[in-house]
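Architecture and fold: a report
Chain by chain, the residues run as shown.
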Amino acid sequence: AAKTDGRGCARIFNRAMLLLLEHRENLRRSLRTALERGELYLEYQPLIRPPSSVIGFEALLRWRHPEIGIIPPSVFIPIAEADGLMDEIGRWVLEEACRQALTWPSSLTIAVNLSPAQFLSGSLTDTVAQIIDEVGIRADRLELEITETVLLEKTVDNIDTLNTLNVLGIRISLDDFGTYYSSLSYLKNFPFDTLKIDQYFITDVDTDSKGQTIVRSIINLAHGLGMSVTAEGVETWAQARWLIKENCDCLQGNFLGRPLEIEEIGDFIKRPALTVGRAMEQTKGAG
Ligand code: C2E
Ligand code: MG
Ligand code: MG
Ligand code: MG
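By the naming in an unreviewed UniProt entry, the protein is Bifunctional diguanylate cyclase/phosphodiesterase, taken from Mesorhizobium captivum.

Here it is, written out as structure tokens:
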């Protein structure tokens, strides 16, 4: 009986695996052509310096699949990475985001996420230099966001890469700080301009005293090292207020502005007092 059970289990497991693989295989196949079919596009989430200036936007990749609908990056980027497509997609994101930013007031920055594949390709600095040159955007308007996972391997090469980007005048942010390994040696050895504190720490930052101590320490640490700090995933006025009180330089999150489609950006930056103050009023109005 044990044998039969075992086989039954294996059969069920295999079917589930097969379905998953099939689905994945489908996504994988259609992802190959997504770029050329124009199914990939970017949304732009505002970065706000309290109390009320929009300082720039972060480009966030989306896939409008003809049958499935909009697929978030957390689903398809790992597939693109595994399939060797992320280098090319990443290059497209960079160029598209820079071209968009060129249509905005020149004080606004554009933040672009980099994937490990782009780092490992070995031609990242050339690609970036070429794109900003072709598009004609000022290097200091571009900010590249990387996570610690990008830095895990080939540390020496990575320091070189980041230093070269830094020399070009491009700014570099350490994304999702506080998750992964958060090795402090990264802060010592790599030239980051900004630390982005992961939403994990922001969710209960207005109420959790341990979390508050951690976030306060991260802010002090970053400032001590000459870096600015951005809080990710700010969803409430209580969180925003606490972070502002603690001298957090920049806020990002649905409370201040969800990721916007291109057509929405003009209105967003034109309207005065749109940011912390208005977000607060909207919240009051809503509830
Ligand atoms: P990330 O760079 O940390 O981006 C922030 C994510 O948090 C975005 O999810 C954003 O929509 C979401 N978010 C912002 N504010 C809030 C909030 O108040 N509440 C909640 N619950 N979520 C909020 P998204 O767009 O799904 O992106 C997820 C991740 O995918 C990004 O995390 C980034 O690591 C990656 N990604 C996105 N676009 C690209 C890209 O063009 N290239 C690469 N390599 N990675 C990308
Ligand atoms: Mg990011
Ligand atoms: Mg982030
Ligand atoms: Mg994050």
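Next up on the list: the coordination of the magnesium ion (ligand 2). Distances from the magnesium ion (ligand 2) to its protein donors, E58 (OE), N113 (OD1), E145 (OE) and D175 (OD), fall at 2.0 to 2.2 Å. Coordination of the magnesium ion (ligand 2) draws on donor residues from a single chain, spaced E-x54-N-x31-E-x29-D in sequence. The two metals, the magnesium ion (ligand 2) and the magnesium ion (ligand 3), are separated by 3.4 Å and share D175 as a common coordinating residue. With E58 in strand β2 (residues 53–65) and E145 in strand β5 (residues 142–146), the pair connects residues that are 87 residues apart, well separated along the chain. For the pair formed by E58 and E145, the shared burial category is buried.

With that settled, consider the site of ligand 1. Near ligand 1 there are 23 residues, and of these R62, D175, E232, E235 and N254 occur at the shortest range. Within the side chain of R62, one N or O atom sits 2.7 Å away from an oxygen atom of ligand 1. Here a nitrogen atom of ligand 1 and a side-chain polar atom of Q199 are 3.3 Å apart. Look at ligand 1: alone it shows 800 Å² of surface, and the protein chains cover 78% of it. Of all the secondary structure elements, the ones that give two or more residues to the shell around ligand 1 are β2, α2 (73–82), α3 (86–101) and β6 (171–177). In terms of residue class, the shell around ligand 1 is made up of 9 nonpolar, 7 polar and 7 charged.

Together, L152, Y180 and Y181 make up an exposed nonpolar region whose accessible area comes to about 370 Å². Mapped onto the elements of the fold, Y180 is located in the loop between β6 and α8 (184–189).

Of all hydrophobic cores here, the largest spans 76 residues; its most connected members are I110, L142, F192 and L243. Of the residues forming this core, the biggest block, 7 residues, is contributed by α3. Those residues in contact with I110, other than ones at most four positions away along the chain, are Y44, F57, A59, A97, A101, W104, I137, R141, L142 and E143.

Aromatic ring pairs are described here by two measures, namely the spacing of the ring centres and the angle between the planes. For the coordinates displayed, the defined rule picks out 8 aromatic pairs. When the ring of W63 is compared with that of F76, the centres are 5.7 Å apart and the planes differ by 75 degrees; the resulting orientation is edge-to-face. Placement of W63 in strand β2 and of F76 in helix α2 is noted, with a sequence separation of 13 residues between them. According to the relative accessible area criterion, W63 is buried, its value standing at 0%. For F76, a relative accessible area of 0% gives the class buried. Ring geometry for W237 against F255: centres 6.5 Å apart, planes inclined by 35 degrees, an arrangement best described as tilted. With W237 in helix α11 (residues 237–245) and F255 in the loop between β9 (250–251) and α12 (262–270), this residue pair connects regions lying 18 residues apart in the sequence. Residue classification places W237 among the partly exposed residues on the basis of a relative accessible area of 25%. Taken together, the ring pairs in this structure connect Y44, F57, W104 and F268 into an aromatic cluster. Directly above the aromatic system of Y41 lies the positively charged group of R64, at a separation of 4.3 Å from the ring centroid.

Calculation criteria
Residues numbered from 1 in each chain as written. Chains lettered and ligands numbered in written order. Predicted model: local features only at pLDDT ≥ 70, side-chain atom pairs only at ≥ 80, totals over all residues. Heavy atoms only, no water. Donors = N, O, S within 2.8 Å, 3.2 Å for Na, K, Ca; no water. Helix = DSSP H or I, 4+ residues; strand = E, 2+ residues; numbered from the N terminus. Buried < 20%, exposed > 50% of the residue type's maximum accessible area, 1.4 Å probe, protein only. Near = heavy atom within 4 Å. Polar contact = N/O pair within 3.5 Å; in protein donor to acceptor, adjacent residues only side chain to side chain. Areas by Shrake-Rupley, 256 points an atom, 1.4 Å probe, with all protein chains shown as cover. Nonpolar A, V, L, I, M, F, W, Y, C, P; charged D, E, K, R; others polar. Patch = residues over 30% accessible without salt bridge, like charges linked within 9 Å, V, L, I, M, F, W, Y side chains within 5 Å. Salt bridge = Lys/Arg side-chain N within 4 Å of Asp/Glu carboxyl O. Core = buried A, V, L, I, M, F, W, Y, C linked by side-chain atoms within 4.5 Å. Contact = heavy atoms within 4.5 Å. Phe/Tyr/Trp six-rings, centres within 6.5 Å; stacked < 30°, edge-to-face > 60°. Lys NZ or Arg CZ within 6 Å of the ring centre and 35° of its normal.

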